[in-house]
Amino acid sequence: MPTHSTRRSLMRGITAATAVATLATGLAACGGDSDAVTKTDDAASGSVTIGQLSNGAAKQTTLKVSEVKSISAELPAAVRKRGKLVIGHGSLPSGSAPLEYVGDDQKTLTGSETDIGRLVAAVLGLKPESKNFTWENLFVGIDSGKVDVAFSNVTDTEERKRKYEFASYREDNLAFEVLKSDKWKFDGNYENLAGKTVEVGSGTNQERILLEWQKKLQSEGKKLTIKHYPDNNAVYLALSSGQIDAHFGPNPTISYHITQTAKTNKPTANAGTFSGAGASLQGLIAATSKKGSGLAKPIADAINYLIKNGQYAKWLAAWNLSNEAVAKSEVNPPGLPLDNS
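Keep in mind that this is a model prediction, so the values were computed, not measured.

Draft legend 1. Highlighting the confidence of the model for the protein chain. Looking at the protein chain, pLDDT values average 89 and 86% of them are 70 or higher. Across residues 1–31, confidence stays below pLDDT 50; counting only partners more than four residues off in sequence or on other chains, it has 85 contacts.

Structure (structure tokens):
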């Protein structure tokens, strides 16, 4: 995944600490893709159930949503006639909670990404069909026409726009995770890191950002200590024992881990977020389809319908991702620049 190291680091972050909820042994396929088992609901009757089989990562919620004729009329004729939206996910082999992973029945693909895809399909009056791939083969699936659209935590980048079109639906954020008992807040200001010891994944986008802040602080005569650990078990042991003040990583992974620690004797909390694209641009996660497919606009309109009518906010809240809400879905908004992708 050379075009976006934040995505790479998120996948790297799903190690032993989250393995229980992200096992995907029933999903892996030798060919690098799989027809994902998805629990269907009767969208035709006007409801979609989200947060199913989430292993505690989400609150199961049934939302009222059905076809909006004025939006489904925008679909390419071939897709409308087929009556099906083929949705791609790039979570093989091990999944990435809370985004997309095998649920607690050990066979059903669940997660925030699968749910938003199903909600969009309902607005478009289409039956959702999920296909799961390795990250690289997800894009092969779009290129080959095996997939209509990817809902898979894909970052909008200017490089990707050469081949794909986007409909944004979530902010792409990094976050600081601290012990809940620690009242420290990042507040979007790198100067608040002075005197802190922060863990970050080596070679990641967030490490690059943290190193820039460390350099600025050093120029001001202040100290920021950066540490690395081999896996998430070691990271969270260091956090709970006070060896580090904070862990800096992808916001969805941290949001998921917070739900897992909520009832332990060392609960954690989110101490602030920062755009994965840096200070000058808010990074965005977007539905991704083949350039010229004609799908970006109807998908964006479907997302905006969900935003306007409240289902979008309930979807984010169910997955503990409300801090990545966007005000509206945009078609091909400014993306990660070519010199930073």
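Having seen it, we continue.
Draft legend 2. Up close: helix H11 (residues 311–318). Restricting attention to buried positions, one finds in H11 the residues Gln 311, Tyr 312, Trp 315, Leu 316 and Ala 318. Angularly, the buried residues of H11 cover 160 degrees about the axis, an arc narrow enough to put them on a single face. The elements touched by buried residues of H11 are strand E2 (47–50), strand E3 (61–64), helix H5 (112–123), strand E9 (164–171) and helix H10 (296–309).

Draft legend 3. Structural context of the side chain of Glu 100. Note on placement: Glu 100 falls in the loop between strand E4 (84–92) and strand E5 (101–102). A distance of 2.9 Å separates polar atoms of two side chains, one belonging to Glu 100 and the other to His 89. One polar contact links Glu 100 to Ser 152, side chain to side chain, over a distance of 2.5 Å.

Draft legend 4. View of helix H8 (residues 232–241). Buried within H8 are the following residues: Asn 232, Val 235, Tyr 236, Ala 238 and Leu 239. Along the axis of H8, the buried positions cluster into a sector of 155 degrees, meaning they face one direction only.

Draft legend 5. The sheet that holds strand E11 (residues 197–200), seen in detail. Read across the open sheet, the five strands follow the order E12-E11-E13-E10-E14; overall the sheet is mixed. With partners counted over all chains shown, the strands left at the sheet margins are strand E12 (225–227) and strand E14 (268–275), one partner each. If you compare each strand with its neighbour and ignore which way they point, the axes differ by 30 degrees on average. Inspection of the sheet shows E11 paired to strand E13 (residues 246–250) by three bridges, in the parallel sense. Across the sheet, Glu 199 pairs through a bridge with His 247, a residue of E13. Along the sheet, helix H7 (residues 205–219) makes contact with strand E10 (173–179), E11, E12, E13 and E14, crossing E13 at roughly 130 degrees.

Cut-offs applied
- Residues numbered from 1 in each chain as written.
- Predicted model: local features only at pLDDT ≥ 70, side-chain atom pairs only at ≥ 80, totals over all residues.
- Heavy atoms only, no water.
- pLDDT = per-residue confidence, 0-100.
- Contact = heavy atoms within 4.5 Å.
- Buried < 20%, exposed > 50% of the residue type's maximum accessible area, 1.4 Å probe, protein only.
- Helix = DSSP H or I, 4+ residues; strand = E, 2+ residues; numbered from the N terminus.
- Arc of directions from axis to C-beta.
- Polar contact = N/O pair within 3.5 Å; in protein donor to acceptor, adjacent residues only side chain to side chain.
- Pairing = 2+ DSSP bridges.
- Axes fitted to C-alpha atoms, helices over the stretch in contact; angles between N-to-C directions.

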